Structures are given as C-alpha cells and as structure tokens.
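Residues per chain are reported as follows:
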Amino acid sequence: MTASPDAHTQGGRQLALMILGRIGASVVTLILVALVVFAISSLLPGDAAQEALGQSATPEQIAALRQEMGLDRPAYERFGTWAWGLIGGDAGQSLVANMPVGDIIRERLPNSLILAAITTLVAVPLALGIGIASAMNRDGRLDRALNIATLSMVALPEFLVATLAVLIFSVWLQWLPSIALVPEEAGVAELLKALAMPVAALAIVVMAQMARMTRAAIIDQLDRPYVEMAVLKGLSLRRIILTHVLPNSVGPIFNAVALSLSYLLGGAIIVETIFNYPGLASLMVNAVTSRDMPLLQACAMIFCAAYLALMLIADVAAILANPRLRNQ
Amino acid sequence: MSVGRFLRSLRGLSLAGRIGFGLVLFWVVTALIGPMLAPHPVGAFVDRNVFGGYSSSFPLGSDYLGRDVLSRLLSGARYTIGLGASAAIAACMVGTGLALVAALGSRWTDELLSRFMDTLLSIPSKILALVLIAAFGSSLLLLMVIAAFTYVPGNYRIARALAVNLNQMDFVVAARARGERALHIALSEILPNMIHPLLADFGLRFVFIVLLLSALSFLGLGVQPPAADLGSLVRENISGIVEGAPAILIPALAIATLTVGVNMLIDALPHAGRK
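As the structure is a computational prediction, the values presented were derived from the model and not from experiment. Position numbers for residues count from 1 along each chain, tracking the sequence in the order it is written. As they are written, the chains are lettered A onward and the ligands numbered 1 onward, keeping that order. Local features in this predicted model are restricted to residues whose pLDDT is 70 or higher, and side-chain atom pairs enter the listing and the counts only when it is 80 or higher, whereas totals over whole chains, interfaces and linings include all residues. No hydrogens and no water enter the side-chain calculation; it runs on all heavy atoms of the structure.

**Looking at the overall build of chain A**
Logical step 1: A count of helical and extended segments in chain A gives 15 helices and 0 strands.
Logical step 2: Counting every position in chain A, which comprises 328 residues, the buried fraction comes to 41%.
Logical step 3: For chain A, the proportion of contacts with a sequence separation of at least 24, taken over those separated by at least 6, is 72%. Strands are runs of DSSP state E lasting at least two residues, helices are runs of H or I lasting at least four, and both sets are numbered from the N terminus onward. Accessible area is worked out with a 1.4 Å probe on protein chains only. A residue is then buried under 20% of its type maximum, exposed over 50%, and partly exposed in between. Note on contacts: a residue pair is in contact if any heavy atoms of the two residues lie within 4.5 Å.

Okay, structure coming up:
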C-alpha cells in the first residue's frame, strides 16, 4: 500500500489537530485543577481574617482585614484575580516572608530544575539499560533478580531509599557529604559532589518504575510475529533487539520515561527535605508548616502544571509511536 | 469464601506470594495484639543510654530519648496499619459507591462525577495531601479522611470501568427486565462480580496510603506526638543514622516488609485466580 502525497499531508494535518486537541484538554484540566486547589486552600477552611486576628478581635477589625485581604468579594471573583495573577507571574504576597511569592520562587526554582535535570540525565540511561538487559535475559536469572529488586524499590517509600542511601554512602563508605549545601561560588566538581546524594536517592526512586515499564514495552514487541521471523532467519537475540525491536518500541519507551519522571515530583518533596536542599519542594513543605497559603498555592500549581506537562508528553509520544492511534 | 477454599487458594500461590501472605499476616497480628505484648510503657524513658544496641532487656535497642524501640514499634505499627486500613476501606467504599452511582445513574451524573475524579487524579497525591493538610490540619481523624480522599479517584476509575462493563452483561439486562430496582442491581448483581479485582485494588490503595502517611509523618506533617506511627519513628531517630542504630533501622525495615509484603501478595493473586 502506498499512500498518495495528498493523503500524507491530510494525515499530517489530522495528527496536528489531534495533538492540538490533547494540548487543549490539558489546559482545561489545569484550569479545573486550579479550581480544586483554590477551593481547598482558600474557600473551604473558613475565614482567613478571623484566623489571622484570633478570637479576641472585634467584628470591626475583622471586617476591615477582610476588606483589605479582598475576602469580602464573591468567591468566583477571588478565584479569577488569583488565577489571572498566576498567569502573569504575580502569585501574591507571602504571608510569612512578607515578600512577593514570585521572588521567593524565582530564587528556588533553578535549584529544583538543576536537581531534576541531573537526575534525569543519570536515571534515564541507567533505567533503559536495566530494562533492556532484563528483557534480553527474559525469565533468566538476571531478569528475575532485577524484577524482585525493582518491585521492592517501587514499594519502598522515598524517604527510606534516601535514608538508606545516606547510611551506605555517607556513614559506612564516607564517600559523600550527607547535606546538600551548595556554596555560592562552587565549581562544577563541588556542585556535583554536593548533589550526588540527592540525585542518587531520586534516581533510584524514578529508575525502578522506568526500568519495569521499559522491560514491558520490549517484551511486548518480542511476542510479535516479525520477531519470530527474525529468529527463524537465524539472527542473534542481541541483533534482533538492537536493530529490530528497539526502533519499534521507541514510542512506548518514551511514554514510560515521561510517566516515570512524574515520580520525580513526589520524590523531590522527600529528598529535598531530607538533604536540606533549597528547592521548590522543600519550600512547599515549609509553606505547609507555616500555613503560608499564597506560597503553597503557587508551589502546588507549579507541580501540577509540571505533572500535566509530563502526562501530555507521554500521551503525544504514544500517539506519534502508534500509527493506529493516529488514523482513526 | 469458605475456609477450605481459602486454604486451597493459598496453596496455589507462588513462593513470592506465600512470603507476601506471611508478611501481611504477621503485620495484621502485630497490629491487633502487638501493643499488649509490649515489654515497656510506650512513652517511658527506660534506658539510660540513647540509641542503645540489641540487648536482653531492650530486644530492639533504645531510641533517641532512651525509650524501648520494641514497645514503640508495636504501637507505631498499630497506628500505621490501623490508619492505612481504615483510610483504604473508606476510599474503596466511597470510590466504588460513586462508581456504581455513575454506572447506573444518568449520563449527566456519570459525566460530572468522572470529570471531577479525572481532575483530582491529575493532581499528584502528595501535593493534594499537602494542600489538604495545610488547609485543615492533621489530627488522626483528619489524616484518615485526607488519605482516603486522596485515593478515592483511583478506586473510582477502576470500579467504574468494571461496573460499566458488567452493566452490559445479559444477567444484568435480565435483572432489569425482571423489574429489579437499581439498588438491588448494584448490590446483588454487579458488586459481587467485581469483588476480586476490587480486593486487589484495595491492597494497592493500602500500600499507597501507608507510603503517603509514613512520608507525611516523616516530614513532621502526619501523626503528631505523643502518638507515633512508623514514619514518625524513622523521623525522630534520624540522628541515630550516623551510628547505624537499631532505633532507625527497625522502623524502616518494618515499613519496607509491610509494603513489599502486600505488593508481593497482590502480584501473586491474579495467577492464583486464573487457575
């Protein structure tokens, strides 16, 4: 079957429309998520003015503060102001630090992005390697050992992984410092050394899931007739996997990588706190402790947006990889 | 399920499944009767050493204040398992109940409920839990409600898929033709037929909730002192890590064996069901 060039461009347009549709759906979901976050943190807990002033405040004082904080306006108007501010990068005033939330976040965000980027660079190749090795050795001893190891890793809480990592690398082997304080003028080597522990802990959390999904994606291909054909032709398993199976499973693997990277978000909350890493996640935990709602809301929305973006990438990767999903 | 059938299905389990079942059984029994066996009062300072090692009077050593780790572990396990199980039961009952309403109700109910659940699902569970705790605080009851609320959508999605499928089956159509009421169809036609996958899902929710609650306690946002669950035990003894004290190793090991055990049991279950 040869597709005419006309049909080809039509397919391309269809594909573009489909991807645009997914992006639109993600934006709608993000707005709904913002609504839920705002409802939980601003509308449901009761009157913030009353709480700020305590029980002994007079009704006049409370009314004055309510007006100052904008609490006397209807809920939808408050949500609109808040959401519009977020889009424009103005997330309001932090109640505890008494400075704009945007400034605090601008200071912390790069740290979190560095941590996430290095973790991705370390975890993705390792996880793919483990997944592929496991699939090549299907049902062999190596595969079963890796299966049990990754299954246990998935079931372990992140703080245990991080604590064990500290125990092994900082206490017993004394290779690495256990606190990730990066000096202002740190060189690349110092930076890497300080980041090694958090990155190791995060990478282990993310890798287990990624390796399992990579293995599943490759095994799924191994059961296809074209692989049987290649086996019957007498190709070696290594050659089959590297030149026939891998190109075909790029899409599912990319999907698996994007999905697993979403574990970075939950992991970061624990890891940044354990290692005192000045990132966004530890900022959010502090905001919970001090009940600094504007800061908390902004952090929560950044995490939700990152999560939705990863899901979107995974979704689009699945569409691009599977022509049958495209030409419906 | 009769006892005989239960034992037979146990025999069908793989080795990993049996290990998992053993671990789960051990922890359930510990949560039920453990605190009665505690050698020392939970909050009492009984050892002059802090971070003491294994000894005959303190089998699992002592913690950062010289309290008996074994006694604290037994009570902490009850908090972790009790909170986790009650939150998982609540999440599954609400999720499955709403799923049945969605599957049997009007198209609009289904559409609205599903949209709402999808929105909650696209908020990472830890983020959702943190926002809820900041808004409402973290008493034991609130923690249970928050953990349950966080994991309702996942259960709802699975239960709704099952219920919508079953709703098309001939025996449900026949029941409807007989003139049975919706409540009867939901509870005695559909629900009994989705109980097996739902049980597996319940186990998964339990693991997720235990992980979430331990993580929250570890951050100091979960169970508040003087009560302590397994996550709090790891948190309060974190300084003992330098000496590799049992006070931190044992609670960590407890969480690991609990969650890995449930996971191994669930992993082995579908195979047992297929036989």
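That shown, we press on.
**A word on the side chain of Thr-150 of chain A**
All names here are of chain A.
Logical step 1: Here Thr-150 shows up in helix 6 (residues 141-155).
Logical step 2: Any pair of nitrogen or oxygen atoms within 3.5 Å is treated as a polar contact; in protein, a donor-acceptor pairing is required on top of that, and neighbouring residues in sequence qualify only through side-chain atoms on both sides. Within polar-contact distance, the side chain of Thr-150 engages the backbone oxygen of Asn-147 at 3.1 Å.
Logical step 3: For Thr-150, the side chain forms a polar contact with the side chain of Arg-212, separated by 3.2 Å.
Logical step 4: When near neighbours in sequence (up to four residues on either side) are disregarded, Thr-150 contacts Ala-208, Ala-211 and Arg-212.

**What about a nonpolar patch on the surface?**
Logical step 1: Here, patches come from residues exposed beyond 30% relative accessible area and free of salt bridges, joined within 9 Å for like charges and within 5 Å for nonpolar side chains (Val, Leu, Ile, Met, Phe, Trp, Tyr). Using a 1.4 Å probe, accessible areas were evaluated by the Shrake-Rupley method; residue-level cover was limited to the displayed protein chains. We define a salt bridge as a contact between a side-chain nitrogen of Lys or Arg and a carboxyl oxygen of Asp or Glu at a distance within 4 Å. Taken together, the side chains of Leu-25, Val-28, Val-29, Leu-32, Ile-33, Met-36 and Leu-37 of chain B make up a nonpolar region of the molecular surface, amounting to roughly 690 Å² of accessible area.
Logical step 2: Summarising the element assignment, Ile-33 of chain B is placed in helix 2 (residues 15-37).

**A few points about the side chain of Asn-263 of chain B**
Logical step 1: On the secondary structure map, Asn-263 of chain B appears in helix 11 (residues 246-274).
Logical step 2: Beyond its immediate chain neighbours, meaning those up to four positions away, Asn-263 of chain B contacts Leu-151 and Ala-155 of chain A together with Leu-204 and Val-207 of chain B.

**Focus on empty space enclosed by the protein**
Any space left empty among the atoms is revealed by the rolling of a water-sized probe across them.
Logical step 1: Lining residues are defined by having an atom within 4 Å of a point belonging to a cavity or pocket. Those points lie on a 1 Å grid over the protein atoms alone, cavities being sets where a 1.4 Å probe fits but cannot get out and pockets being open sets with protein on both sides within 12 Å along at least five of seven lines. Grid points are joined across faces, edges and corners, and a volume is the space filled by probe spheres set on the points. This structure, assessed with the given rule, holds 2 cavities of 30 Å³ or more.
Logical step 2: In this structure, the largest cavity spans a volume of roughly 60 Å³.
Logical step 3: What lines the largest cavity is Leu-160, Thr-163, Leu-164 and Leu-167 of chain A together with Ile-241, Ile-248, Leu-249 and Ala-252 of chain B.
Logical step 4: When residues of the lining of the largest cavity are traced back to their parent elements, those giving at least two are helix 7 (158-172) of chain A together with helix 11 of chain B.
Logical step 5: In terms of residue count, helix 7 of chain A provides more of the lining of the largest cavity than any other element does, 4 residues in total.

**With respect to the environment of Arg-106 of chain A**
Logical step 1: With respect to the element layout, Arg-106 of chain A can be found in helix 5 (residues 101-136).
Logical step 2: Given a relative accessible area of 56%, Arg-106 of chain A falls into the exposed group.

**Here's the deal with the interface of chain B and chain A**
Logical step 1: Listed by partner, the interface residues are 39 residues for chain B and 40 residues for chain A.
Logical step 2: Summing both partners gives a buried area of about 3,300 Å² for chain B against chain A, and 84% of it is carried by carbon and sulfur.
Logical step 3: For the interface between chain B and chain A, the tally reads 0 salt bridges.
Logical step 4: For the interface between chain B and chain A, the tally reads 0 residue pairs in polar contact (both at pLDDT 80 or more).
Logical step 5: The set of elements that each furnish at least two residues to the side of chain B that touches chain A consists of helix 4 (107-121), helix 5 (125-136), helix 9 (195-218), helix 10 (230-236) and helix 11 of chain B. Defined here as a combined quantity, buried area equals the accessible surface (1.4 Å probe) lost by two parts on assembly, summed across both.

**A few points about the confidence of the model for chain B**
Residues and elements named next belong to chain B.
Logical step 1: Values of pLDDT, ranging from 0 to 100, describe the predictor's confidence in every residue of the model. Averaged over chain B, the pLDDT score is 82; the fraction of residues at 70 or greater is 89%.
Logical step 2: Within the model, the stretch residues 271-275 combines pLDDT values under 50 with 3 contacts to residues more than four positions away or in other chains.
Logical step 3: This complex was scored by the predictor with a pTM of 0.81 and an ipTM of 0.79.

**Points about the environment of Ala-34 of chain A**
All names here are of chain A.
Logical step 1: Within the fold, Ala-34 resides in helix 1 (residues 5-43).
Logical step 2: Spatially, the C-alpha atoms of Ala-34 and Gly-24 are 15 Å apart, while their sequence positions differ by 10 residues.
Logical step 3: Discounting chain neighbours no more than four positions away, the residues touching Ala-34 are Phe-79, Trp-82 and Met-301.

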